[in-house]
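# A closer look at the structure
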Amino acid sequence: METLRFKDCCRFIVYIFWILVLYAIEQAPGAGISVMGIRPLLVISAFVSISLFEREYTAMIFGIFCGFLIDLSFGTPFGCFAFVFCLMGYILGVLTSYFYNVNIFSFLAFDLFVFTFILFLKFCFLYLICGYDNGLYAWNMICLPTIFYSLLISPLVFFTNRFISYYIRGNEGEQNKS
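Residues numbered from 1 in each chain as written. Predicted model: local features only at pLDDT ≥ 70, side-chain atom pairs only at ≥ 80, totals over all residues. Heavy atoms only, no water.

Attention now moves to helix H5 (residues 104–128). For an α-helix the count is 3.6 residues per turn, leaving residues at separations of three or four pointing the same way. Relative to the 36 Å expected for 25 residues at 1.5 Å per residue, H5 spans 34 Å between its end C-alpha atoms, a close match to the ideal helical length. In this structure Asn103 caps H5, since a side-chain oxygen of it lies 3.1 Å from the backbone nitrogen of Phe105. (Helix = DSSP H or I, 4+ residues; strand = E, 2+ residues; numbered from the N terminus. Expected span 1.5 Å × (residues − 1). Polar contact = N/O pair within 3.5 Å; in protein donor to acceptor, adjacent residues only side chain to side chain.)

Here it is, written out as structure tokens:
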């Protein structure tokens, strides 16, 4: 029992460190991952992959943490996306615990849904509600390329999180949510 708690603590510390590294890479001006002014949303990919590998309550905690980072990144009021990510973490945790197997295809499907939903909320909060005249232009030139670029990069995040989850748990690739 003591070893299980130690492994859980180690896994959570590694996850937090991994999320902070991805956030730093995502926000660094000279990181070189920006293509034509579009940066991938690596924190969202990390959140989705952690939610797929962990139980719903753990996914909610990491959802709140990632949501606060997204709030800082998007410049929205502190806590808006934290609440949304908390709910999405619970839903993703329940779906993968009881209904879906975790593989790259389910990850990409959930990732596409979360990217689209979060960027649609950002679009509503920052463009539509504020009365931005060229809303369709902003969606086509900012939001859609961000979704596609983030999806292109997200398998790297998924495979890294899968390695972290399996390596620290020590179950050699079998999915066993503890």
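More follows now that the structure is in view.
The next thing to look at is the environment of Ala46. Mapped onto the secondary structure, Ala46 falls in helix H2 (residues 42–53). Relative accessible area serves as the criterion here: at 0%, Ala46 is assigned to the buried category. For the pair Ala46 and Met36, spaced 10 residues apart in sequence, the C-alpha separation works out to 23 Å. (Buried < 20%, exposed > 50% of the residue type's maximum accessible area, 1.4 Å probe, protein only.)

Each packed pair of helices is defined by two parameters, the angle between the axes and the distance between the axes. For the pair H2 and helix H4 (residues 80–98), the least separation of the axes is 8 Å and the interaxial angle reads 40°. With respect to H4, the element H2 is oriented oblique. The hand of the H2/H4 crossing is right-handed. Across the interface between the two elements, Ile44, Phe47, Val48, Ser51 and Leu52 of H2 pack against Phe85, Met88, Gly89, Leu92, Gly93 and Thr96 of H4. (Axes fitted to C-alpha atoms, helices over the stretch in contact; angles between N-to-C directions. Parallel < 35°, antiparallel > 145°, perpendicular 65-115°, else oblique. Left-handed = near helix turned anticlockwise from the far one by under 90°. Contact = heavy atoms within 4.5 Å.)

For the rest of this paragraph, the subject is unusual backbone geometry. Glycine aside, a negative phi is what most residues show, and trans is what most peptide bonds show. A positive phi angle is found at Met36, which is not glycine, with a value near 55°. Inspection of the secondary structure puts Met36 in the loop between helix H1 (2–27) and H2.

With that settled, the discussion passes to H2. The end-to-end C-alpha distance of H2 is 17 Å, a good match for the 16 Å that 12 residues give at a rise of 1.5 Å each. With 12 of 12 residues buried, H2 is to be regarded as a mostly interior element.

Just geometry here; none of it tells us what the structure is for.
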